[in-house]
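# Fold and contact review
Now for the letters of each chain:
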Amino acid sequence: VDANYTEHDANGKDGSKNLLSAAQNGAFNDYEYNISKVIGENDLILTHSRVHKGNKRFAVVDICRVRGNKIVEHWSVKQEIPEPAKFQHRNGMF
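The following paragraphs examine the structure supplied in this document. (Residues numbered from 1 in each chain as written. Predicted model: local features only at pLDDT ≥ 70, side-chain atom pairs only at ≥ 80, totals over all residues. Heavy atoms only, no water.)

## Focus: the pairing of strand β2 (residues 31-41)
The two faces of the sheet receive side chains in turn, since in a regular strand these alternate between them. Applicable threshold: For two strands to count as paired, DSSP must find a minimum of two bridges between them. Each helix corresponds to a stretch of at least 4 residues labelled H or I by DSSP, and each strand to a stretch of at least 2 residues labelled E; elements are numbered beginning at the N terminus.
In terms of strand pairing, β2 meets strand β3 (residues 44-53) through 10 bridges, oriented antiparallel. Bridge pairing in β3 places tyrosine 31 opposite lysine 53.

## Topic: the side chain of glutamate 73
Operational definition: Think of it in three bands: residues with accessible area under 20% of the maximum for their type are buried, residues over 50% are exposed, and the middle band is partly exposed, with areas taken using a 1.4 Å probe on protein chains only. Any pair of N or O atoms that falls within 3.5 Å is considered a polar contact. Within protein, one atom must be able to donate a hydrogen and the other to accept it, and sequence-neighbouring residues count only if both atoms are side-chain atoms. Only heavy atoms enter the contact rule, under which two residues are in contact if any of them lie within 4.5 Å.
Position of glutamate 73 among the secondary structure elements: in strand β5 (residues 70-80). Glutamate 73 gets classed as buried once you look at its relative accessible area, which sits at 18%. Among the polar contacts listed, one links the side chain of glutamate 73 to the side chain of histidine 8, at a separation of 2.7 Å. Excluding residues that lie within four positions of it along the chain, glutamate 73 makes contacts with Tyr5, Thr6, His8, Ile63, Cys64 and Arg65.

## Things to note about the sheet that holds β3
Backbone-to-backbone hydrogen bonds join strands into a sheet, with any given pair of strands oriented parallel or antiparallel. Ordered by their spatial adjacency, 5 strands build an open sheet running β1-β5-β4-β3-β2, and the pairing between neighbours is mixed. Sheet topology places β1 (6-7) and β2 at the edges, where each strand pairs with a single neighbour. In terms of strand pairing, β1 meets β5 through 2 bridges, oriented parallel. Residue threonine 6 lies in a different strand from β5, and its bridge partner there is glutamate 73.

Written out as structure tokens, the structure is:
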């Protein structure tokens with residue numbers, strides 16, 4: 001992660017030191033990530049993941065800008081995955 005890392009998630013802070021500190025303090029310990037898709041184009045990498053935190057399930061898209069083999073910028077969006085009976089279709093989210 002680049003020292004001048006830029007975060008666009010409302011819950012995160014800019015700078016690699018802040019990201020490292022959050023990780024060391026357990027900010028991600030309760031999450032289980034299962035990456036479903038990875039898409040790369042030019043300097044952007046997108047992942048589409050199933051994320052579990054306790055009994056909640058989310059569909060998450062993370063977008064990272066990479067420069068010199070380091071992440072320099074990050075965006076993310078998440079949506080809670082409803083029970084299958086609440087879907088308006090049979091397609092699922094993945």
